[in-house]
Amino acid sequence: MKKDKIIYWIATGILTGVMLWSALNFAFNENMKGAFAHLGLPPWFRVELTIAKLLGVMALLLPFVPPRVKEFAYFGFGITLISASVAHLSSGDSVWLEVGHLTFLASLIVSYLYYHKGLQKTT
């Protein structure tokens with residue numbers, strides 16, 4: 001049981017840390033405007049994605065958030081990571097950039113599986 005919790009929190013920490021860093025970078029780094037333009041994305045999408053990532057991080061980290069809301073956060077982060085890969089590859093960016101996205105997708109999957117493993121043990 002303790003090992004499962006450690007694995008869950010490491011994976012969740014990696015996932016939420018990256019999403020929080022990304023959201024803050026989108027919000028405060030002026031170079032991100034150019035990066036979104038490079039990907040062919042409208043300026044408003046940067047703001048929307050920042051807010052969604054912040055809400056998703058809170059949903060996964062706060063213990064009182066209902067399981068269904070956590071499910072939406074996991075799903076949203078999965079869509080975000082897959083969409084980021086598609087956007088970067090479609091824009092001609094390096095395939096090596098996608099190693100990071102795949103690593104974070106793996107963290108998401110591990111966090112999700114161990115989240116459900118923990119739910120099953122409590123019921």
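So, how was this worked out
- Residues numbered from 1 in each chain as written.
- Predicted model: local features only at pLDDT ≥ 70, side-chain atom pairs only at ≥ 80, totals over all residues.
- Heavy atoms only, no water.
- 1 Å grid on protein atoms, 1.4 Å probe; cavity = no way out; pocket = protein on both sides within 12 Å on 5 of 7 lines; lining within 4 Å.
- Points joined across faces, edges and corners; volume = space filled by probe spheres on them.
- Helix = DSSP H or I, 4+ residues; strand = E, 2+ residues; numbered from the N terminus.
- Nonpolar A, V, L, I, M, F, W, Y, C, P; charged D, E, K, R; others polar.
- Expected span 1.5 Å × (residues − 1).
- Buried < 20%, exposed > 50% of the residue type's maximum accessible area, 1.4 Å probe, protein only.
- Contact = heavy atoms within 4.5 Å.

A. Layout of the layout of surface pockets. Of the voids in this model, the largest pocket is the one considered here, and its volume is about 760 Å³. What lines the largest pocket is a set of 32 residues, among which Ser-22, Phe-26, Leu-49, Lys-53 and Ala-84 lie closest to the centre. When residues of the lining of the largest pocket are traced back to their parent elements, those giving at least two are helix 1 (2–28), helix 2 (31–38), helix 3 (43–61), helix 4 (67–90) and helix 5 (97–122). When residues of the lining of the largest pocket are assigned to their parent elements, the largest contribution, 10 residues, is made by helix 4. Grouping the amino acids of the lining of the largest pocket by side-chain chemistry returns 20 nonpolar, 10 polar and two charged.

B. Representation of helix 3. Its 19 residues place the ends of helix 3 28 Å apart at the C-alpha level, agreeing with the 27 Å of an ideal helix rising 1.5 Å per residue. Buried within helix 3 we find Arg-46, Leu-49, Thr-50, Lys-53, Gly-56, Val-57, Ala-59 and Leu-60. In this structure, the buried side of helix 3 is in contact with helix 1, helix 2 and helix 4.

C. Seen up close, the environment of Arg-46. On the secondary structure map, Arg-46 appears in helix 3. Residues Arg-46 and Ala-35 lie 11 residues apart in sequence; the distance between their C-alpha atoms is 9.8 Å. Apart from residues lying up to four places away in sequence, Arg-46 is in contact with Phe-26, Ala-27, Met-32, Lys-33 and Phe-36.

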